[in-house]
Amino acid sequence: MNLVVVSNRVARGKPNEPMTGGLAAALLPVVEKTGAIWVGSSGRVRDGSLKEPFAEVEALGAGALAMLDLPAAHYGGYYEGFANSALWPALHSRADLIRASQSDYASYREVNAFMARALLRFRKPDSVFWIQDYHFLALGAELRDLGVAQPIGFFLHTPWPTRAVISGVPNHRALIEAMLAYDLIGFQTGEDCENFLAYVRFDLGLAVRDGIITSSSGRTRAAVFPIGIDPERFAQQATKAMTHPDVTRLRRSLNGEKLAIGVDRLDYSKGLGNRIKAFDKMWTLYPNLRRSVSLLQIATPSRGGIEAYGNLQSEIAKLVTDVNGVHGEVDWTPIRYLNKGFGQGVLAGLYRTAQVGVVTPLQDGMNLVAKEYVAAQNPADPGVLVLSKFAGAANELDAALLVNPHDIDGMARTIAWALAMPLSERRTRWDAMMAKLNSHTIQQWFADFIEALQNTHDTGDTVLPEPPTVWPRRASDVAARYH
């Protein structure tokens, strides 16, 4: 099998480089160990003189990374426009933040078509294509238009919302019809999968039986594949990182006080405002916790060109300043707020240092930070995970302290409870969560999806359209020009 994995961005995963988002952390070990080719954007763009996709390829373990410069004329409309100002808010049930023009949608489809042409270079008779996330909902249809008959699967790392919310996305019907070109569509949770199937049944009027959708594209299976991590590897990283300078400086600075930690991209879906308000309420309700516990909040900036994100950055910075102004003292800062990323190794040590991990998104597909926090803990003296019930991880990590991120007072009391929890209960909860992590690893996720994709394709009835008559005339001609 020649596996080709596709996502918006490719992460090189160098030891000391920060990683943004769980997708990169999840895919790197898959590529390194399986020999897959990971294709995505280089982060650079080229002007209109670029007629054919060009990929810069470099080795990564047994696999390889292939990085493309995307077309400058369409990148803004594709990425900041349709993908992150229309799809992202909709997928996280924020219909009020949907912003997109018809030209944004056209650019989104153009970039999906551009990526499809680029992938022809990597097509072999035994190729399997695995497309990742909302940036490429239509990529499968574009590949089929180019005559690709090999298995094509898609995995969505975000939630999938209700019919009412997704219907607020411009061109939603055309997009979801395009998704049915995939042999297999994977979701993080059963609720996400059911929301998608409800749209297919009621809005597209298609037959669905046992998760199999029958359409003009053939048969498409929708199923649940909750993503995991490599808990053993992450635990080893955490142990090793305890001697890292960043981690040792943090430990010395605590002066015996306890630490809670939050690690997120600076995104409105992560519930950072409510989290900070919960700590404010906790110090108000429990004055004895002042000077005895602080919050380290790492918030990596992202999508700064989108108005909603610029506003959020200002809002959170002001909120942190206000809370520190009320509760802080000359020799104590309640919230340590950092707008930068850290490498996975350092993060593992920071997680292990903290007595409480606070993962409280308003909506999240899975949230691998929750799983990483658990895996990083010292088995003899583990910390406590406070987890939003609206994160996909809550379906597995039900031994965490589950909270409603909209209930500020409830979160404040739960964080205080986590800080006071006796060792015996902490160990019991941690053991239960580690059992879940060890039974649902990243390796198992990968194996389950690929097996299901091949089985679905082998038994399916994918209908291929007539090959295009303009470009490319023959896939082999195009692939030859890429070498």
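Keep in mind that what you see is a predicted model, and the values were worked out from it rather than measured.

Draft legend 1. Quick peek at the overall build of the protein chain. Counting secondary structure elements, the protein chain contains 17 helices and 16 strands. Its C-alpha radius of gyration of 23 Å places the protein chain within 12% of the 23 Å reference for a compact globule of 483 residues. Dimensions of the protein chain, computed from the C-alpha atoms along their principal axes, are close to 75 × 45 × 45 Å. In the protein chain, which comprises 483 residues, the proportion classed as buried is 58%. If you sum the accessible surface of the protein chain, you get close to 19,100 Å²; carbon and sulfur atoms cover 50% of it. A gap of 3 Å separates the mean positions of the 49 positive and 49 negative side-chain charges of the protein chain.

Draft legend 2. Seen up close, the packing of helix H13 (residues 368-376) against helix H15 (residues 423-439). Two elements in contact, H13 and H15, have axes separated by 10 Å at closest approach and are oriented at 120°. Classified by the interaxial angle, the pair formed by H13 and H15 is oblique. With respect to the hand of their crossing, H13 and H15 are arranged in left-handed fashion. Here Lys371, Val374 and Ala375 of H13 lie close against H15, whose contacting residues are Trp430, Met433, Met434 and Leu437. In terms of residue class, the contact of H13 with H15 is built from 6 nonpolar, no polar and 1 charged.

Draft legend 3. Summary view of helix H14 (residues 408-420). Here H14 is 13 residues long and its end C-alpha atoms lie 19 Å apart, about the 18 Å a rise of 1.5 Å per residue gives. Taken as a whole, H14 has its buried residues at Ile408, Gly410, Met411, Ala412, Thr414, Ile415, Ala416, Ala418 and Leu419. In this structure, the buried side of H14 is in contact with strand E11 (258-265), helix H10 (272-285), strand E12 (293-300), strand E14 (356-359), strand E15 (384-388) and strand E16 (401-403).

Draft legend 4. Up close: the sheet that holds strand E2 (residues 37-46). Here we have 10 strands laid out as an open sheet, ordered E3-E4-E2-E1-E5-E6-E7-E10-E9-E8, and mixed in their pairing. Only two strands of the sheet have a single partner each, and these edge strands are strand E3 (55-60) and strand E8 (207-209). Geometrically, the sheet is characterised by an average inter-axis angle of 25° between neighbouring strands, direction not taken into account. Pairing of strand E1 (residues 2-9) with E2 involves 4 bridges; the strand directions are parallel. Among the inter-strand pairings, Val4 is bridged to a residue of E2, identified as Ile37.

Draft legend 5. Expanded view of the domain arrangement of the protein chain. For the protein chain, the assigned domains are domain 1 (2-227 + 442-456) and domain 2 (231-439). If you average the C-alpha positions of domain 1 and of domain 2, the two centres end up 30 Å apart. Listed as interface residues are 30 residues of domain 1 and, on the opposing side, 25 residues of domain 2. Of the roughly 2,000 Å² buried where domain 1 meets domain 2, counting both sides, 61% is carbon and sulfur surface. Where domain 1 meets domain 2, there are 1 salt bridge. Residues Arg233 and Glu32 are paired through a salt bridge, measuring 3.9 Å at the closest nitrogen-oxygen approach. Summed over the shared surface of domain 1 and domain 2, the result is 5 residue pairs in polar contact (both at pLDDT 80 or more). Elements that contribute at least two residues to the side of domain 1 that touches domain 2 include exactly helix H1 (22-34) and helix H2 (72-91). Considering every element that reaches the side of domain 1 that touches domain 2, the biggest residue donor is H2, with 6 residues. Taken together, the residues that form the side of domain 1 that touches domain 2 break down as 14 nonpolar, 12 polar and 4 charged.

Draft legend 6. Region of the structure containing unusual backbone geometry. Here Asp133, not a glycine, exhibits a phi torsion of approximately 80°, which is positive. Relative to the helices and strands, Asp133 resides in the loop between strand E5 (127-132) and helix H4 (139-145). We classify Asp133 as buried; its relative accessible area is 7%. The residue Asn171 is not glycine, and still its phi comes out positive at about 65°. As for its position among the elements, Asn171 is in the loop between helix H5 (163-166) and helix H6 (172-179).

Draft legend 7. Molecular detail of the sheet that holds E15. Read from one edge to the other, the open sheet built from 6 strands follows the order E13-E12-E11-E14-E15-E16, with strand pairing classed as parallel. The sheet is open, and its two borders are formed by strand E13 (335-338) and E16, each paired with just one other strand. Averaged over all adjacent pairs, the angle separating strand axes in this sheet is 20°, with direction ignored. In this structure, E12 lies alongside E13, joined through 4 bridges in parallel fashion.

Draft legend 8. Representation of the packing of H6 against helix H7 (residues 190-202) within the structure. Running from amino to carboxyl end, H6 crosses H7 at an angle of 110°, the nearest separation of the two axes being 11 Å. Taken together, the axes of H6 and H7 are roughly perpendicular relative to one another. Here His172, Arg173, Ile176 and Met179 of H6 lie close against H7, whose contacting residues are Phe196, Tyr199 and Val200. Per-class residue counts for the contact of H6 with H7 are 5 nonpolar, 1 polar and 1 charged.

Draft legend 9. Expanded view of the nonpolar core. Of all hydrophobic cores here, the largest spans 103 residues; its most connected members are Leu139, Phe196 and Met282. For this core, the leading source of residues is H2, giving 10 residues. Taken domain by domain, the makeup of this core includes at least three residues from each of domain 1 (2-227 + 442-456) and domain 2 (231-439). Among all residues touching Leu139, those that are not within four sequence positions of it are Val6, Asn112, Met115, Ala116, Leu119, Ile131 and Tyr182.

Conventions used here
Residues numbered from 1 in each chain as written. Predicted model: local features only at pLDDT ≥ 70, side-chain atom pairs only at ≥ 80, totals over all residues. Heavy atoms only, no water. Helix = DSSP H or I, 4+ residues; strand = E, 2+ residues; numbered from the N terminus. Rg over C-alpha atoms; globule rule 2.2 N^0.38 Å. Buried < 20%, exposed > 50% of the residue type's maximum accessible area, 1.4 Å probe, protein only. Areas by Shrake-Rupley, 256 points an atom, 1.4 Å probe, with all protein chains shown as cover. Lys, Arg positive; Asp, Glu negative; His and termini not counted. Charge placed at Lys NZ, Arg CZ, Asp CG, Glu CD. Axes fitted to C-alpha atoms, helices over the stretch in contact; angles between N-to-C directions. Parallel < 35°, antiparallel > 145°, perpendicular 65-115°, else oblique. Left-handed = near helix turned anticlockwise from the far one by under 90°. Contact = heavy atoms within 4.5 Å. Nonpolar A, V, L, I, M, F, W, Y, C, P; charged D, E, K, R; others polar. Expected span 1.5 Å × (residues − 1). Pairing = 2+ DSSP bridges. Domains from an automatic or database assignment. Buried area = accessible area lost by both parts, 1.4 Å probe. Salt bridge = Lys/Arg side-chain N within 4 Å of Asp/Glu carboxyl O. Polar contact = N/O pair within 3.5 Å; in protein donor to acceptor, adjacent residues only side chain to side chain. Core = buried A, V, L, I, M, F, W, Y, C linked by side-chain atoms within 4.5 Å.

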